[in-house]
Amino acid sequence: MSRSHRIFVPADSAALALGADALAAAIAAEAVRRNVSVEIVRTGSRVLHCLEPLVEVDTPAGRVGYGPLTVGDVASVFDAGWLDGAAHALRIGAPEKHPFMARQTRWTFERCGIVDPLSWDDFIAHGGGQGLAQARAQGAAATLAALIESGLRGRGGAGFPAGIKWRTVRETQASIRYVVCNADEGDSGTFADRMLMEGDPLALIEGMAICGFVVGARKGFIYIRSEYPRAIRVLEQARELARSRGLLAECDIELRIGAGSYVCGEETALLESLEGKRGQVRAKPPLPAHAGLFGKPTVVNNVLTLATVPSILVRGAAAYAALGHGRSRGTMPIQLAGNIRHGGLFEAPFGISLGELVDDVGGGTASGRPVRAVQVGGPLGAYFPRDLFDTPLDYEAFAARDGLVGHGGIVVFDDTVDMVRQARFAMEFCAEESCGKCTPCREGTWWLVQVLKDLEAGRGSEADLDKLLDLCDNIMGRSFCALADGAASPIISSLKYFRQEYLDHLAAGKCPFDPMTATLFESVGVK
């Protein structure tokens, strides 16, 4: 029997949904049938969804990718000689040279899709553990100084400087401190946290260990949503691996599973849930950095924030700070979703324009029709028309146009979308997910849904448009968390940029859009 060939098959949830497990089994069976020795390695995703499952073969010239591969393609790729990287209709060549991937600047996702997420040897061979080793060698103060120099800001949505938060926790007098990772990724069109936790969980764990070392925390918690069962399983195994290899010597980590509340993505509601209470927001001050989990100083950071720290220490704070735009330094893992040709994750420095992301990187709409709008930042984000595609990906630039970067999710809509229906959909989500603590949010979002339902059906009058804005004005800035403020954003932006659609509904006396002609339905075969 000839030498054993290594074949890399993704085990990311997106690839699994497209049959990656059956594909791996078919490859193994075909190899046995042909008396070929193969080693199948399960990895994360290379993050271009239209190529999944993307299978890679380790050849003397490097890894060669084939995708999207199905069980029905297995015999043909063997026949073509894929174990030696031979030509085939599904061959893409070296994955890192694919246009979607070659344009990326990978810091946070530098190992994702390359390594077996539960292999310590792979982790070490690709630079894992070096960040924590450097932190231990140079000390907590120097490590904190490097983080501040890098300009890393929280990737969960608020964009607060991570180094300043860590310094505040470190300097707050207390006998116990905590590190909490917010892995409650609930925004529409976002999947970066999940992909990282499934594809390179040890990066997150190392980042939390560094944080614990710097701030003096002996205990850390990962709060992850129950809707991510595979990520939970991978993280639990990775944590045990990290424990056995001494990665958690300074700060041990536990996992806590959320119960599905969107509001628990807000840091104080998350802490309430961690303490076994109902997930409702707390009044601030005190800030969690002063009195967080169980009343102790607590760092609460997002998955991507913590996972980026090891790379910053290894590759240099100055190098990271040299990337970006304005006060938004470094890179952002951007998630392209919705009606887009090349959906997936694209990590790039801040400053890339919205138009470049949608048109050049994403390839425009999957339907081939004109882009009508995009929503950036999840269900609380504004709807931006093409006129705003010159906006650079930058926290302050988006805020100047009443938008938000949020967690970096971009959902694309073509010209078959009904923006009134879309605003109603977003508002129903906000009303459903309001924790109910603050009256303006609890009652205001419900009333906004009722007005939007009438407008969508063509009932009411133009005065109802002013009523929407008045309701928005009465919930913004009058609640403890950002849900109420964000809930107004889809309505205000849709009225500002797509007001004519509301008037068309009123003029027709009904919804003028036929949902069965929308490309949303075509994509799932509904006619």
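This text follows the structure it describes.
What counts, and at which threshold
- Residues numbered from 1 in each chain as written.
- Predicted model: local features only at pLDDT ≥ 70, side-chain atom pairs only at ≥ 80, totals over all residues.
- Heavy atoms only, no water.
- Core = buried A, V, L, I, M, F, W, Y, C linked by side-chain atoms within 4.5 Å.
- Buried < 20%, exposed > 50% of the residue type's maximum accessible area, 1.4 Å probe, protein only.
- Helix = DSSP H or I, 4+ residues; strand = E, 2+ residues; numbered from the N terminus.
- Contact = heavy atoms within 4.5 Å.
- Expected span 1.5 Å × (residues − 1).
- Bend = angle between axes of the 7 residues up to and from the residue.
- Pairing = 2+ DSSP bridges.
- Axes fitted to C-alpha atoms, helices over the stretch in contact; angles between N-to-C directions.
- Left-handed = near helix turned anticlockwise from the far one by under 90°.
- Nonpolar A, V, L, I, M, F, W, Y, C, P; charged D, E, K, R; others polar.
- Patch = residues over 30% accessible without salt bridge, like charges linked within 9 Å, V, L, I, M, F, W, Y side chains within 5 Å.
- Areas by Shrake-Rupley, 256 points an atom, 1.4 Å probe, with all protein chains shown as cover.
- Salt bridge = Lys/Arg side-chain N within 4 Å of Asp/Glu carboxyl O.
- Polar contact = N/O pair within 3.5 Å; in protein donor to acceptor, adjacent residues only side chain to side chain.
- Phe/Tyr/Trp six-rings, centres within 6.5 Å; stacked < 30°, edge-to-face > 60°.
- Lys NZ or Arg CZ within 6 Å of the ring centre and 35° of its normal.

What follows concerns the nonpolar core. In this structure, Trp166, Met197, Leu204, Val215, Ile222 and Ile224 are the most contacted members of the largest nonpolar core, which totals 60 residues. Considering each element in turn, this core owes the most residues, 10 residues, to helix H10 (residues 201-215). The residues touching leucine 204, leaving out its near neighbours within four places in the chain, are Cys181, Leu196, Met197, Ile222, Leu235, Val303, Leu306 and Ala307.

With 13 residues, helix H13 (residues 303-315) should reach 18 Å at 1.5 Å per residue; the first-to-last C-alpha distance of 19 Å fits that figure. In H13, a bend of some 25 degrees at valine 309 exceeds every other bend along the element, and proline 310, a proline, comes one to four places later. Of all 13 residues in H13, 11 are buried; the element is thus mostly enclosed. When we look at burial in H13, the residues that qualify are Val303, Leu304, Thr305, Leu306, Ala307, Thr308, Val309, Pro310, Ser311, Ile312 and Leu313.

Here the focus is the side chain of glutamate 250. Relative to the helices and strands, glutamate 250 is located in the loop between helix H11 (229-244) and strand S8 (252-257). Aside from chain neighbours lying at most four places away, what touches glutamate 250 is Arg136, Phe213, Ala217 and Arg218.

Moving on, we come to the sheet that holds strand S3 (residues 55-59). If you walk across this open sheet you meet the five strands as S2-S1-S3-S4-S5, and the pairing is mixed. Edge strands, defined here as strands with exactly one partner in the open sheet, are strand S2 (38-43) and strand S5 (91-93). Strand-to-strand twist in this sheet, taken as the mean axis angle between neighbours without regard to direction, amounts to 30 degrees. With two bridges joining them, strand S4 (residues 62-66) and S5 adopt antiparallel strand pairing. When the bridges of S5 are listed, tyrosine 66 appears paired with arginine 91. Against the sheet, helix H2 (residues 20-33) contacts strand S1 (5-10), S2 and S3, and its axis sits at roughly 170 degrees relative to S2.

Interhelical geometry of helix H6 (residues 130-138) versus H13 gives an angle of 65 degrees and a closest axis separation of 8 Å. As for how H6 packs across H13, the hand of that crossing is left-handed. Packed against H6, whose contacting residues are Gln130, Gly131, Gln134, Ala135 and Gln138, the element H13 presents Pro310, Leu313 and Val314 at the interface. When the residues that make up the contact of H6 with H13 are grouped by side-chain class, the tally is four nonpolar, four polar and no charged.

Once that is clear, we can look at unusual backbone geometry. For the peptide bond that leads from glutamate 52 to proline 53, omega is -5 degrees, which places it in the cis range. If you trace the backbone, proline 53 turns up in the loop between S2 and S3. Going from glycine 67 to proline 68, the amide bond is cis rather than trans, its omega being -5 degrees. With respect to the helices, strands and loops of the structure, proline 68 is situated in the loop between S4 and helix H3 (74-80). One non-glycine residue with positive phi stands out, namely asparagine 35, at about 60 degrees. Within the secondary structure, asparagine 35 is located in the loop between H2 and S2.

With that settled, the discussion passes to a nonpolar patch on the surface. Among the surface-exposed residues, Leu469, Met476 and Ile492 lie close enough to one another that they form a single nonpolar patch of about 210 Å² accessible area. Mapped onto the elements, methionine 476 comes out in the loop between helix H19 (463-475) and helix H20 (482-508).

All right, on to helix H17 (residues 419-433) then. Every α-helical turn comprises 3.6 residues, leaving residues that sit three or four positions apart pointing alike. Taking 1.5 Å as the rise per residue, H17 with 15 residues should run 21 Å; its terminal C-alpha atoms sit 21 Å apart, in good agreement. Looking at the buried side of H17, the elements it contacts are strand S14 (371-376), strand S15 (383-384), strand S16 (409-414), helix H18 (439-456) and H20. Capping the start of H17, aspartate 418 holds a side-chain oxygen 3.0 Å from the backbone nitrogen of valine 420, two or three residues further along.

Bringing the pairing of strand S13 (residues 344-349) into the picture now. For S13, the tally of buried residues reaches five of six residues, placing the bulk of the element in the interior. Bridge analysis of strand S12 (residues 331-338) against S13 gives six bridges, and the strand direction is antiparallel. Bridge pairing in S13 links methionine 332 to alanine 348. Connecting S12 to the antiparallel partner S13 that follows it, the hairpin turn spans five residues.

Another point: the pairing of S3. For S3, a buried count of four out of five residues is recorded, marking the element as mostly surrounded by other parts of the structure. Pairing of S1 with S3, which is carried by two bridges, proceeds in the antiparallel orientation. Bridge pairing in S3 places phenylalanine 8 opposite glutamate 56. Pairing between S3 and S4: five bridges, direction antiparallel. Pairing of glutamate 56 across the sheet is with glycine 65, part of S4. The antiparallel pairing of S3 with S4 creates a hairpin that spans two residues between the two strands.

Next up on the list: the packing of aromatic side chains. Summed over the entire model, instances satisfying the criterion amount to 12 aromatic pairs. Note on phenylalanine 100 and phenylalanine 346: the rings are 5.6 Å apart at their centroids and 70 degrees apart in plane angle, and the pair reads as edge-to-face. Here phenylalanine 346 lies in strand S13 and phenylalanine 100 lies in helix H4 (residues 99-102), a separation of 246 residues in the sequence. Judged by its relative accessible area of 2%, phenylalanine 346 falls in the buried class. Centroid distance tryptophan 120 to phenylalanine 123: 5.2 Å. Interplanar angle 50 degrees. Geometry classified as tilted. Here phenylalanine 123 and tryptophan 120 lie together in helix H5 (residues 120-125), a separation of three residues that amounts to about one turn. By relative accessible area, tryptophan 120 is classed as buried at 13%. Each member of the aromatic cluster is reached from another via a ring pair, and the members are Tyr66, Phe78 and Trp82. Lying over the aromatic face of tyrosine 228, arginine 225 brings its terminal NZ or CZ to 5.3 Å of the ring centre. The residue whose ring lies beneath arginine 315 is tryptophan 107, and the NZ or CZ to ring-centre distance is 4.0 Å.

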